[in-house]
Amino acid sequence: RPDGVMLPRQALPDAAFVSLSELKAAQNPFPFLRIACCSHCWLQPDHPDPRGHNLRAVGRALKLLVKSFGRFAVFIDFMCIHQRCRGAGGAPQPRTHTDEGGRYPAEDVLFKRALGSLGAFYSHPETFVFMLTAFPPDYDDPARYRRSGNTAPYPDRGWCFCEA
């Protein structure tokens, strides 16, 4: 996106996703599927990275990884797992919410299945995991970020602890 901000999975075009067959075809000459997972703190309750800070960091790291190993599939939860982002009319919105809309029932099934499989991505010995442990420099500015109740640093957060 031109503004450098992530969209939820349902708002991304089909071209944003890599099929398993494409990923397997890209593995030669390396004996592993090239997957990079991002472990990060959500910076706001409705969006993990509303200003693109973490996405830019991932982009810089990927450039180096791709230079050494070639094409990679990237797993970022917000962009890969169905989010509660549908408006009342069903159209995907750029942020998550808990009021009207949310996920279609089929998306909810896929979301729950994905949550049960995350450990396989993050703990696999041949998966690269980008640990985005630092908050943006302006994170304490309430005009820039709407903080959630969880403001614990990366190593003190449950999901991050499991992913790392």
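The following refers to the structure shown. Keep in mind the model is a prediction, meaning the values are calculated, not measured. (Residues numbered from 1 in each chain as written. Predicted model: local features only at pLDDT ≥ 70, side-chain atom pairs only at ≥ 80, totals over all residues. Heavy atoms only, no water.)

**Looking at the environment of glycine 102**
Move 1: Structurally, glycine 102 is set in the loop between α3 (77-80) and α4 (105-123).
Move 2: Note on glycine 102: relative accessible area 1%, which makes it buried.
Move 3: C-alpha separation for the pair glycine 102 and histidine 47, spaced 55 residues apart in sequence, amounts to 14 Å.
Move 4: With sequence-adjacent residues up to four places away left out, glycine 102 is seen in contact with Gln83, Arg84, Cys85, Arg86 and His97. (Helix = DSSP H or I, 4+ residues; strand = E, 2+ residues; numbered from the N terminus. Buried < 20%, exposed > 50% of the residue type's maximum accessible area, 1.4 Å probe, protein only. Contact = heavy atoms within 4.5 Å.)

**Brief notes about the pattern of salt bridges**
Move 1: For the structure on display, the rule yields 7 salt bridges.
Move 2: Here arginine 95 ties to aspartate 46 by a salt bridge, and the two come within 3.6 Å at their closest N and O atoms. With arginine 95 in the loop between α3 and α4 and aspartate 46 in the loop between β1 (35-40) and α2 (53-69), the pair connects residues that are 49 residues apart, well separated along the chain.
Move 3: Classification of arginine 95 as partly exposed rests on a relative accessible area of 32%. (Salt bridge = Lys/Arg side-chain N within 4 Å of Asp/Glu carboxyl O.)

**Some details on the pairing of β1**
Move 1: Within β1, 6 of the 6 residues are buried, which leaves it mostly tucked inside the rest of the structure.
Move 2: The pairing of β1 with strand β2 (residues 73-75) spans 3 bridges and is classified as parallel. When the bridges of β2 are listed, alanine 36 appears paired with valine 74.
Move 3: Crossover handedness for the path β1 to α2 to β2: right-handed.
Move 4: Pairing analysis gives 5 bridges linking β1 to strand β3 (residues 128-132), with the strands arranged parallel. Directly across from cysteine 38, in β3, lies its bridge partner phenylalanine 130. (Pairing = 2+ DSSP bridges. Right-handed = clockwise from strand over helix to strand, strands pointing away.)

**Let's talk about the sheet that holds β3**
Move 1: Overall, parallel pairing links the 3 strands, which are arranged β2-β1-β3 in an open sheet. Lying at the two open borders of the sheet, with one neighbouring strand each, are β2 and β3. Averaged over all neighbouring strand pairs, the angle between strand axes comes to 20 degrees, with direction disregarded.
Move 2: Across the sheet, α2 touches β1, β2 and β3, and the angle it forms with β3 is around 150 degrees.
Move 3: Those strands touched by α4 are β1, β2 and β3, and its axis lies near 110 degrees from that of β1. (Axes fitted to C-alpha atoms, helices over the stretch in contact; angles between N-to-C directions.)

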